[in-house]
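Topology and contacts: notes
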Amino acid sequence: MRVSGVVAGGGPALLLLGALVPGLRPLIAVILLAGWVGLLLRRRPEAVAWAATLPVGVPIAWPWVLGMDVPLGAAGCVAPLSDIVLRRMVVAGVGLGLAGLVAVVHRSSLEDIGLRRPGRAEASVAVAGLVVLGIGGTFIGPVVAEPFFGRLEFATP
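All values derive from a computational prediction rather than experimental measurement.

1. Here we look at unusual backbone geometry
In this structure, Arg-43 takes a positive phi of about 55° despite not being glycine. The phi dihedral of Arg-107 falls on the positive side, at around 55°, and the residue is not glycine. Within the element layout of this structure, Arg-107 appears in the loop between helix H6 (83–105) and helix H7 (120–149).

Listed below in structure tokens is the structure:
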């Protein structure tokens, strides 16, 4: 195997290690960021492989940055802006921001990152899926969740 392949595989291998060993996630997030920047500054093509790990590798370290979640009881499950929800929104924003940063830095086009205008058939299937999953999830979600969380009831006006 060529050195280039080993270097390119280093980022994904670290991401896998972070997924398997949660205590290493903060260190791995720092290494992934530093490795990407180092490869980018040296204009190495392997930087792309390391860049691909950032939108996942950095956000999985969130408990060490934002603190661990604590049980909030029933109120935490139904409040739309509970502490847990707000933390997850921050984490999602960081992940999306990193994906955007990587796309800009690597001069990716919208097609390169999988964003393009859908065809009519794709759009129709997406809208139908949204309707079916949205309505179906309202009825199926509580049934599936009950063995894990107890009876769920949604407050409605």
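Okay, back to it.
2. Points about the confidence of the model for the chain
Here the chain averages 83 in pLDDT, while 88% of its residues score no lower than 70. When mean pLDDT is taken per element in the chain, helix H2 (residues 25–41) scores highest with 91 and helix H5 (residues 73–78) scores lowest with 62.

3. Describing the pattern of salt bridges
For the structure shown, the criterion picks out two salt bridges. Ionic pairing is found between Arg-44 and Glu-46, a salt bridge with its closest N-O pair at 2.9 Å. Classification of Glu-46 by relative accessible area gives buried; the value is 3%. Between Arg-116 and Glu-122 there is a salt bridge, and its shortest N-O distance comes to 3.1 Å.

4. Looking at H2
Count 3.6 residues to each turn of an α-helix, and residues three or four apart come out pointing the same way. A rise of 1.5 Å per residue sets the reference length of H2, with its 17 residues, at 24 Å; its end C-alpha atoms lie 24 Å apart and thus fit the reference within 8%. Looking at the packing, one finds that the buried side of H2 touches helix H1 (3–20), helix H3 (47–57), helix H4 (62–66) and H6.

5. Focus on the environment of Leu-81
Here Leu-81 shows up in the loop between H5 and H6. Apart from residues lying up to four places away in sequence, Leu-81 is in contact with Leu-86 and Met-89.

Cut-offs and rules
Residues numbered from 1 in each chain as written. Predicted model: local features only at pLDDT ≥ 70, side-chain atom pairs only at ≥ 80, totals over all residues. Heavy atoms only, no water. Helix = DSSP H or I, 4+ residues; strand = E, 2+ residues; numbered from the N terminus. pLDDT = per-residue confidence, 0-100. Salt bridge = Lys/Arg side-chain N within 4 Å of Asp/Glu carboxyl O. Buried < 20%, exposed > 50% of the residue type's maximum accessible area, 1.4 Å probe, protein only. Expected span 1.5 Å × (residues − 1). Contact = heavy atoms within 4.5 Å.

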